[in-house]
Amino acid sequence: ICEALRDLTVQVVRINPEEIARSLPQIIKKSPPDLFLSVNLAGFDPLGEIYYLLKELDIPCASWLVDNPWHILSGLRASFWKEMHLFVTDASFISQLESTGAKSAHHLPLAANPKAFQPKQNKADLDIVFAGRSEFPNRNNFFAAAKIPQDLLEEAKKSTLEGNVREFNWWLKKLEITGFWPGQEVRKAGFGAEICSLAWRAACIRAALLEGHSFELFGNKEWLDHIPELGERLKPPLDYYHGLPAAYANARIVLSTTSLLLPEGLNQRHFDAWMAGSICLTDNTPGLKIFPPEIALATAYSRPDDCPHFCRELLDHSSLRAELTSAWSALLMNEHTYRHRMESMLKAVGLQKPS
């Protein structure tokens, strides 16, 4: 984000959230900013003291909520977020946010970072890689108070594996949750979606793994609890900026599964894999609608059982892979970089793009 803004000749001062109370007054005194931008509301306290300080000084505030917004907002006690510019990576949340009082909610998908992910120069050594955790950090603590009947969870997992995915919005309706905020009842829907998401992810990985191609998974050791067949093909997690680009560039296919916490969301694999010169083989999430269907659906499976067919087709036809990677590279560079996203954000908050 900072690099993209600087490319637009925007002067950026980056503050670690832990240093807000100490650093922000000095920065404001030296040169009041035109915008205070946060990711996932980092830097804002639950009662909104930082927000109200900035409001008093007529400094607009914005936050890019790249995860489930209701999970992030469930940790707030004051309603200051309703006055902010909110950007979500999943468009299905906009109407929910607006109905709960948000005055400025916008869709802003994730994007490509061409500087970090360079296309491969040599022939890829691996057929398929997957990089990702089996669960987000401190998941059990986050969902400690979220209780759902076990039989309902098992039924939902079964339906998900059959292709009828039980995502966050489905759980909202099933559990008859109508109040999104304040409180943490919404985390029950998140818990259901998270359990189904893990089952879906594991089934997709297993389907690709058992096809007999060279395969490596970069992630936490808990994956072996869900997919013991991984064995030595489970590798330690990679650093996003250093190890991951090389891993993607060294693979013919990067397997992706989207989180059911974001019913219409994408993840960074949808951009990073293509930029690295690999293929992003993904589940057919509604979030793909931001791309032309003729290329988006060419590598999108609807059920775990569909994965092997896509893997064989893509691995057996190098010309198809070359055609797809070329089309995706051009599309992402022309329409879907972080520079494009920052241009959209500046326009939405009323700041003109620098000439």
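Anything mentioned here points back to the structure above.
Residues numbered from 1 in each chain as written. Predicted model: local features only at pLDDT ≥ 70, side-chain atom pairs only at ≥ 80, totals over all residues. Heavy atoms only, no water.

Draft legend 1. A look at the overall build of the protein. Per the secondary structure count, the protein includes 16 helices and ten strands. Relative to the compact-globule value of 20 Å for 355 residues, the protein shows a C-alpha radius of gyration of 21 Å, a close match. With the principal axes as the frame, the protein shows a C-alpha extent of 60 × 50 × 35 Å. Of the contacts made within the protein by residues no fewer than 6 positions apart, 67% connect residues no fewer than 24 positions apart. Approximately 16,900 Å² of the protein is accessible, and the part contributed by carbon and sulfur atoms is 50%. Taking the 37 positively charged and 42 negatively charged side chains of the protein as two groups, their mean positions are separated by 3 Å. (Helix = DSSP H or I, 4+ residues; strand = E, 2+ residues; numbered from the N terminus. Rg over C-alpha atoms; globule rule 2.2 N^0.38 Å. Contact = heavy atoms within 4.5 Å. Areas by Shrake-Rupley, 256 points an atom, 1.4 Å probe, with all protein chains shown as cover. Lys, Arg positive; Asp, Glu negative; His and termini not counted. Charge placed at Lys NZ, Arg CZ, Asp CG, Glu CD.)

Draft legend 2. Broad picture of empty space enclosed by the protein. This structure, assessed with the given rule, holds one cavity of 30 Å³ or more. Looking at the lining of the largest cavity, the elements that each hand over two or more residues are helix H12 (269–275) and strand S9 (279–283). Of the residues belonging to the lining of the largest cavity, the class tally is six nonpolar, three polar and no charged. (1 Å grid on protein atoms, 1.4 Å probe; cavity = no way out; pocket = protein on both sides within 12 Å on 5 of 7 lines; lining within 4 Å. Points joined across faces, edges and corners; volume = space filled by probe spheres on them. Nonpolar A, V, L, I, M, F, W, Y, C, P; charged D, E, K, R; others polar.)

Draft legend 3. Structural view of the sheet that holds strand S7 (residues 234–235). The strand order S7-S6-S5-S8-S9-S10 describes an open sheet built from six strands, whose pairing is parallel. Among the strands making up the open sheet, the edge pair consists of S7 and strand S10 (300–301). Sheet analysis places strand S8 (residues 251–256) next to S9, joined by four bridges and oriented parallel. Paired with Leu255 across the bridge in S9 is Leu281. Sitting on the sheet, helix H9 (residues 186–209) touches strand S5 (126–131), strand S6 (215–218), S8, S9 and S10, and the angle it makes with S6 is about 150 degrees. (Pairing = 2+ DSSP bridges. Axes fitted to C-alpha atoms, helices over the stretch in contact; angles between N-to-C directions.)

Draft legend 4. Just the state of the cysteines, in detail. One pass over the full model with this rule turns up zero disulfides. There is no disulfide at Cys2, and the cysteine sulfur nearest it, in Cys61, is 16 Å away. Cys307 takes part in no disulfide bond, and the closest cysteine sulfur, belonging to Cys204, lies 4.9 Å away. (Disulfide = S-S within 2.5 Å.)

Draft legend 5. Seen up close, the layout of surface pockets. Each pocket or cavity is described by its volume, and for the second largest pocket that value is around 250 Å³. A breakdown of the residues in the lining of the second largest pocket according to their chemical character gives seven nonpolar, seven polar and three charged.

Draft legend 6. Inspection of the packing of aromatic side chains at higher detail. Under the counting rule described, the total for this entry stands at 22 aromatic pairs. Residues Phe93 and Phe168 carry aromatic rings whose centres are separated by 5.8 Å and whose planes lie at 55 degrees to one another, so their mutual orientation is tilted. Pair noted here: Phe93 is in the loop between strand S3 (85–88) and helix H5 (94–99) and Phe168 is in helix H8 (residues 168–174), with a separation of 75 residues, a long-range link. Of the residues examined, Phe93 reaches a relative accessible area of 0% and is grouped as buried. Ring centres of Phe291 and Trp328 lie 4.8 Å apart, and the angle between their planes is 75 degrees; this geometry places the pair in the edge-to-face category. (Phe/Tyr/Trp six-rings, centres within 6.5 Å; stacked < 30°, edge-to-face > 60°. Buried < 20%, exposed > 50% of the residue type's maximum accessible area, 1.4 Å probe, protein only.)

Draft legend 7. Main features of the nonpolar core. Grouped together as the largest cluster of nonpolar side chains are 71 residues, with contacts concentrated most on Phe215, Trp223, Leu255 and Phe291. Per-element accounting of this core gives the leading share, eight residues, to H9. Apart from residues lying up to four places away in sequence, Phe291 is in contact with Leu266, Phe271, Ala296, Trp328, Leu331, Leu332 and His336. Core analysis: the second largest hydrophobic core is formed by 48 residues, Met84, Ala102, Leu152 and Ile177 among them. (Core = buried A, V, L, I, M, F, W, Y, C linked by side-chain atoms within 4.5 Å.)

Draft legend 8. Quick look at helix H14 (residues 307–316). Along H14, the residues classified as buried are Cys307, Pro308, Phe310, Cys311, Leu314 and Leu315. One face of H14 carries all of its buried residues, which in axial projection span an arc of 160 degrees. (Arc of directions from axis to C-beta.)

Draft legend 9. Region of the structure containing the pairing of strand S4 (residues 104–107). Looking at chain direction, S3 and S4 are connected through four bridges and run parallel. Bridged to Phe87 within S4 is His106. Remark: the S3/H5/S4 crossover connection has right-handed handedness. (Right-handed = clockwise from strand over helix to strand, strands pointing away.)

Draft legend 10. Inspection of the packing of H14 against helix H15 (residues 318–335) at higher detail. Relative orientation of the contacting elements H14 and H15 amounts to 95 degrees, with a least axis distance of 5 Å. Here H14 lies roughly perpendicular to H15, going by the angle between them. Across the interface between the two elements, Glu313, Leu314, Leu315 and Asp316 of H14 pack against Ser318, Leu320, Arg321 and Leu324 of H15. (Parallel < 35°, antiparallel > 145°, perpendicular 65-115°, else oblique.)

Draft legend 11. How the structure looks around the pattern of salt bridges. Using the criterion set out here, one finds twelve salt bridges in the structure. A salt bridge links Lys157 to Glu154, with the shortest nitrogen-to-oxygen separation between them at 3.4 Å. Remark: Glu154 and Lys157 occur in helix H7 (residues 150–161); sequence separation between them is three residues, near one turn of the helix. Assessed through its relative accessible area of 38%, Glu154 is described here as partly exposed. In this structure, Lys221 engages Glu222 in a salt bridge whose closest nitrogen and oxygen atoms are separated by 3.2 Å. On the basis of relative accessibility, which here comes to 62%, the residue Lys221 falls in the exposed class. Through salt bridges with shared partners, one network takes in Glu135, Arg139 and Glu194. (Salt bridge = Lys/Arg side-chain N within 4 Å of Asp/Glu carboxyl O.)

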